[in-house]
Amino acid sequence: MKDELILSKDIMIVSETNAKGEIVFANNDFCKIAGYSIDELVGKPHNMVRHKDMPKVAFKSLWETVQAGRIWKGIVKNRTKDGKYYWVNATAFPSKTLNGEIRYISIRVKPTNEEIVNAQKLYSTLE
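Residues numbered from 1 in each chain as written. Predicted model: local features only at pLDDT ≥ 70, side-chain atom pairs only at ≥ 80, totals over all residues. Heavy atoms only, no water.

### So, helix α4 (residues 113–123)
We apply this condition: Relative accessible area decides the class of each residue, using a 1.4 Å probe on protein chains only: under 20% of the type maximum gives buried, over 50% gives exposed, and in between gives partly exposed. A run of H or I in DSSP counts as a helix once it spans at least four residues, and a run of E counts as a strand once it spans at least two, with each numbered from the N terminus. An arc is given here, and it is the one of the directions from the helix axis to the C-beta atoms. Should any heavy atoms of two residues lie within 4.5 Å, those residues are counted as being in contact.
Those residues of α4 not exposed but buried are I116, A119 and Y123. Looking straight down α4, one finds that the buried residues subtend no more than 65 degrees of arc, so they occupy a single side. What points out from α4, more than 90 degrees from its buried face, is the exposed set N113, E114 and K121. Buried positions along α4 lie against α3 (56–67), β3 (72–79) and β4 (85–96).

### What to know about the side chain of H46
For H46, the location among the structural elements is in the loop between α2 (38–41) and α3. Since its relative accessible area comes to 18%, H46 is described here as buried. Discounting chain neighbours no more than four positions away, the residues touching H46 are S15, T17, G21, I23, F30 and R108.

### Regarding the nonpolar core
The criterion, for reference: By nonpolar core is meant a set of buried Ala, Val, Leu, Ile, Met, Phe, Trp, Tyr and Cys residues that side-chain atoms within 4.5 Å join together.
Ranked by size, the top nonpolar core spans 31 residues in total, and within it I13, F30, L41 and Y86 carry the most contacts. For this core, the elements supplying multiple residues, two or more each, are β2 (23–26), α1 (28–34), α3, β3, β4 and α4. Looking at which element gives the most residues to this core, the answer is β4, with six residues.

The analysis is restricted to geometry; functional conclusions fall outside its scope.
Listed below in structure tokens is the structure:
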């Protein structure tokens, strides 16, 4: 647990990706928590902050859901640039730019301890 970064209640991490999952926007909270500058994030795949403990099936579910035009919600373990990790309660949903380009927006906040424990139990059963 020594490498865990615990979010404060006032943090709201927001990012937007293009249809390929490449970051096109990241707010200041995302940069601050993940430890990357905006220039290090934009144009990179969003999975650069995915923690190795996260089952691939969770992200398969996320992509299938948002690509079908629906909202996805879940508890996610992410990693920082310096190797720490942090848990988020994530909501991701599809959107479009004014010229019709697909975008995916994700908003992440601090999860409860119970949500983290439940996610850990679930993820330990998945690949």
